[in-house]
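# Examination of the molecular architecture
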Amino acid sequence: MRIIKTNLLALFILVSSAVFAQKDITIIPKPANIQVKEGVFQFSKDTKIIASNAAQKEIATALMSKFKAATGWQPEFSNKKPKSNYIEFKIDKNLNREAYQLEVTSKSIVITAKENAGLIYGLETIRQLLPTAIESKNQVANVNWTIPNVSIKDEPRFQWRGLMLDLSRHFFDKNYVIQTIDRLAMLKMNVLHLHLVDDQGWRIEIKKYPKLTEIGAWRVNQENVIWNARLTVDPNEKGTYGGFLTQEELKEIVKYAAAKNIQVIPEIEMPAHVSSAIAAYPELACFNQKIGVPSGGVWPITDIYCAGKENTFEFLQDVIDEVIAIFPSKYIHIGGDEATKTNWETCPHCQKRMQQEGLKNVHELQSYFVKRMEKYINSKGKKVIGWDEILEGGLAPDATVMSWRGTEGGIEASKQGHDVIMTPESHCYFNIYQGSQNEEPLAFGGFIPMTKVYHFDPVVDEMTPEQAKHILGAQANLWAEYIESTQESEYMIFPRLGAMAEVLWSPKEARNWNDFTTRLPSLLARFDYLGINYSKSAYLVSAASKANLDKKQIKIALKNEFPNADIRYVLDNKNLDNQAIKYTDSITIQGTTILKASLFKEDKPVGKVFTDSIQFHKAVGNKLTFKNPYHENYKADGPLGLVNIIRGSKNFHDGQWQAWLVDDMEVVIDLEKNQSIHQVTLGALENQGSGIYFPTEIKAFVSTDGKTYKEVGKIIRPFAINSNSELKDFKISFEKTNARFVKVIATNLKKSPKGESSFLFFDEILVD
Ligand code: ACM
Ligand code: ZN
């Protein structure tokens, strides 16, 4: 935190001296080299900016307008250097392209760089040296607009520091893209990859093929259904949900980004992920098949461009011509991922092509496709990027590989002497959950907390120095299947992008999670001023439970992502106040209770409270006999998984769930002796996108001898669309009865509306 001493005398702020230490510098990404000196530079309305050309003036305007908004005044340009109180740009051609040096003294600020890129980053660093209130859109009072005297020598570790936005699965307009560019610049990121084409929407105006956006940009609205459960649409039904960017809008985006040293990379998918194009122009597909723009998930992707027809290549070359006229980037991304080539196996055009070209299989045919497009794109003076599938069947001679299925594709491509951008889904896919699924909006399964992003490294240990040279950098990818609004998009991107920025900019040796966490609050305060809906998941307490059924107890461990976090908890649903117990070691629970926990700051809970309701019951640890065995991929923690007290979460891979595919679930619980019972509760999960459905009927029976059973209740629950993932306890209550055996039968939906086999998922059967 800044230590600022301010003396308020009468109505005037008289003294504005400040003392800074290294720890007060909270810049993210951390500069490569920074020395803090005594004294400060004081900004005032008399501060001058000495810019020597229009481009420098444009660069400086971003910071000036921040002052204008937050203070009402701004530093002004001047052609003449005053004695003191000025910012000066200097050019040093010996520096690297994105490097900058920043000398702040009480007299002046000098930013030295080879070119504008470095000057932009010098100014972004000044911005983060300023009090967070510089981000305010309204005037703020009583802020001391000083920055510490520092000497900074800084430059990025990697030249490719990117973010991918998927505009296809949900459309995001020009304004949001521009906003995102500002945020990338703040974090010294320099690539915005726009995923403009996919099955569920074509998002770029192509003048020669107007149906791409007249038809391909619009889908039938099934937004009330979870992505992968959406039904196949009738090609004759008109799409109403979607949108696209015009060429003018895209040019505006490109220009805006360039002024912030960000290049915009267009991705035009081929040969798969193009249902939207085939919906517009069926002749691009092997069998001229008429399809509608899919409203949701498509798997496997078999409606792909025909690799045999010449008209496919004419079309794609025309499209690329228009794309190149919009995007000045050196690279054009041509996708290449996830093509299921079954149509190619039987299509006469594709078969003829394979014969003529001497191609042994459809992988080689895809390689032919990519190589041919690469040749065309190279002829226009551009390079291609493709997802790592372009390695299959032989890599195009000059292609750069974006490694997403882990880092293996990147390792192989670099071995072959190709450039690589690392985007392994294990660390770089920001569409994946960043916190406990129970607390998060619906997202892709998996877990990529901020810590994991922070510990990512684009250079893999096993790479030789020669291979490492081919690693251009990395990027975060935000696939938008579940991202329906700009707020959700921001939530998934931030603050994880701050962690990614540091991975890509700062020297590897400088990376330190504990240190990062001390700088993070300042960045978050800036995000607050900017109105960014960033996630606070890293602060939220999460629990890991372990059962000891012999002792009839469970142990719960609590944590969040911060080292030495002050986590406190209470039991029995008490208030989480200053009486709360400081968490040090796992908590032993021996009976029904409600646990609440939170991160504390200055003796007060901050952020969302974690709550766990723990219910002990009469069946805990008792023998279960199933009529149909549970699925081998979902065994919970074995035969007693449904009576182990520990409840499953919305993460159905959490090891607490047992599942039945198509089969009904029928189980007998032996309570070992006759006892009085009055309720049976079945804990279930529904996640229709993953093929998991609540039972359509549940029946409970009791018996004293295990032979003759009496039905004590049932629940009938017909299928209903569920747009979320949901945990539900189905309770069957009945008159107090003496029984030793309890039987539960839950009926499987068996077939989903989409025609797929359905799962039942259960985590606990509670008998009371
Ligand atoms: C990808 O995630 N299919 C590149
Ligand atoms: Zn074909």
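Conventions adopted
- Residues numbered from 1 in each chain as written.
- Chains lettered and ligands numbered in written order.
- Predicted model: local features only at pLDDT ≥ 70, side-chain atom pairs only at ≥ 80, totals over all residues.
- Heavy atoms only, no water.
- UniProt positions renumbered as here; feature names shortened; annotations may be inferred.
- Donors = N, O, S within 2.8 Å, 3.2 Å for Na, K, Ca; no water.
- Tetrahedral: all angles 85-135°; square planar, octahedral: opposite > 155°, others 65-115°.
- Helix = DSSP H or I, 4+ residues; strand = E, 2+ residues; numbered from the N terminus.
- Buried < 20%, exposed > 50% of the residue type's maximum accessible area, 1.4 Å probe, protein only.
- Pairing = 2+ DSSP bridges.
- Contact = heavy atoms within 4.5 Å.
- Polar contact = N/O pair within 3.5 Å; in protein donor to acceptor, adjacent residues only side chain to side chain.
- Expected span 1.5 Å × (residues − 1).
- Phe/Tyr/Trp six-rings, centres within 6.5 Å; stacked < 30°, edge-to-face > 60°.
- Core = buried A, V, L, I, M, F, W, Y, C linked by side-chain atoms within 4.5 Å.

- In the nomenclature of an unreviewed UniProt entry, the protein is known as beta-N-acetylhexosaminidase of Flavobacterium sufflavum.
- Within the UniProt record for the protein, the comment given under Catalytic activity (unreviewed entry) is "Hydrolysis of terminal non-reducing N-acetyl-D-hexosamine residues in N-acetyl-beta-D-hexosaminides."
- Its UniProt record, at the heading Sequence similarities (unreviewed entry), says of the protein: "Belongs to the glycosyl hydrolase 20 family."

### Here's the deal with the coordination of the zinc ion (ligand 2)
- Taken together, Cys-286 (SG), Cys-306 (SG), Cys-347 (SG) and Cys-350 (SG) make up the full set of protein donors to the zinc ion (ligand 2), lying 2.3 to 2.4 Å away.
- Classification of the site at the zinc ion (ligand 2) rests on its 4 donor atoms, whose angles at the metal span 105 to 116°, yielding the label tetrahedral.
- If you list the donors of the zinc ion (ligand 2) from N- to C-terminus, the spacing comes out as C-x19-C-x40-C-x2-C. Pair noted here: Cys-286 is in the loop between helix 6 (275-280) and helix 7 (310-326) and Cys-347 is in the loop between helix 8 (342-346) and helix 9 (348-357), with a separation of 61 residues, a long-range link.
- Overall, Cys-286 belongs to the buried group, its relative accessible area being 5%.

### With respect to the sheet that holds strand 9 (residues 100-104)
- Read across the sheet, 7 strands follow the order 5-11-9-10-8-6-7 without closing on themselves; strand pairing throughout is mixed. With partners counted over all chains shown, the strands left at the sheet margins are strand 5 (33-42) and strand 7 (76-77), one partner each.
- Direction of pairing for strand 5 relative to strand 11 (residues 146-154): antiparallel, over a ladder of 7 bridges. The residue of strand 11 that forms the bridge with Gln-35 is Ser-151.

### Notes on unusual backbone geometry
- In this structure, Pro-29 follows Ile-28 across a cis peptide bond, with omega equal to 0°.
- In this structure, Pro-29 sits in the loop between strand 4 (18-19) and strand 5.
- The omega torsion across Trp-299 and Pro-300 is -5°, close enough to zero to call that bond cis.
- Of note, Pro-300 is situated in the loop between helix 6 and helix 7.
- A positive phi angle, near 60°, is found at His-273, a position not held by glycine.
- Within the element layout of this structure, His-273 appears in the loop between strand 18 (263-270) and helix 6.
- Notably, Ala-636 is not glycine yet its phi reads approximately 45°, a positive angle.
- In this fold, Ala-636 is placed in the loop between strand 31 (623-626) and strand 32 (658-661).

### Thoughts on the pairing of strand 8 (residues 86-91)
- Across 3 bridges, the pairing between strand 6 (residues 48-50) and strand 8 is parallel. Looking at the pairing, Ile-49 lines up with Ile-87 of strand 8.
- Bridge analysis of strand 8 against strand 10 (residues 108-113) gives 6 bridges, and the strand direction is parallel. For Glu-88, the partnering residue across the bridge sits in strand 10 and is Val-110.

### Things to note about the UniProt feature "active site" (unreviewed entry) in the protein
- Feature annotation in UniProt assigns "active site" (unreviewed entry) to the following positions: Glu-338.
- By the element assignment, Glu-338 lies in the loop between strand 19 (331-335) and helix 8.
- With residues up to four places along the chain from it excluded, the contact list for Glu-338 reads Ala-272, His-273, Trp-299, Ile-301, Glu-389 and Trp-404.
- Separated by 2.8 Å, the side chains of Glu-338 and His-273 make a polar contact.

### Some remarks on the UniProt feature "domain: Glycoside hydrolase family 20 catalytic" (unreviewed entry) in the protein
- Under the UniProt annotation, the feature "domain: Glycoside hydrolase family 20 catalytic" (unreviewed entry) is placed at residues 158-507.
- Secondary structure across residues 158-507 comprises 35% helix and 15% strand; the distance between its end C-alpha atoms is 9 Å.

### Section: the pairing of strand 31
- Side chains of strand 31 alternate between two faces, with Leu-624 and Phe-626 buried and Lys-623 and Thr-625 left unburied.
- Summarising the sheet, strand 31 and strand 33 (residues 665-686) pair through 4 bridges and their orientation is antiparallel. Counterpart to Phe-626 in the pairing with strand 33 is Val-667.

### Regarding helix 1 (residues 54-71)
- With 18 residues, helix 1 ought to run about 26 Å at 1.5 Å a step, and its terminal C-alpha atoms sit 25 Å apart, in line with that.
- When we look at burial in helix 1, the residues that qualify are Gln-56, Ile-59, Ala-60, Leu-63, Met-64, Lys-66, Phe-67, Ala-70 and Thr-71.
- Buried residues in helix 1 make contact with strand 6, strand 7, strand 8, helix 2 (116-129) and helix 17 (513-530).
- Two or three places before Ala-55, at the opening of helix 1, Asn-53 has a side-chain oxygen 3.1 Å from that residue's backbone nitrogen.
- Positioned one or two residues after helix 1, Gly-72 has a phi angle of 90°, which is positive.

### A short note on the packing of aromatic side chains
- Within this structure, the stated rule accounts for 39 aromatic pairs.
- Between Phe-43 and Phe-67, the ring centres sit 4.8 Å apart and the planes meet at 35°, which makes this aromatic pair tilted. Highlighted residues: Phe-43 in the loop between strand 5 and strand 6 and Phe-67 in helix 1, separated in sequence by 24 residues. Neither residue differs from the other here; Phe-43 and Phe-67 are each classed as buried.
- Judged by centre distance (4.7 Å) and plane angle (35°), the rings of Tyr-454 and Phe-516 are tilted. Here Tyr-454 is found in helix 13 (residues 450-454), whereas its partner Phe-516 is found in helix 17, with 62 residues between them in sequence.
- The class for Tyr-454 is buried, based on a relative accessible area of 1%.

### Description of the nonpolar core
- Residues Trp-202, Ile-204, Leu-212, Tyr-305, Leu-497 and Met-500 are the most contacted members of the largest nonpolar core, which totals 146 residues.
- Aside from chain neighbours lying at most four places away, what touches Leu-212 is Trp-202, Ile-206, Ala-217, Ala-277, Ala-280, Tyr-281, Phe-315 and Val-319.
- Of all hydrophobic cores here, the second largest spans 36 residues; its members include Ile-25, Ile-59, Phe-67 and Leu-130.

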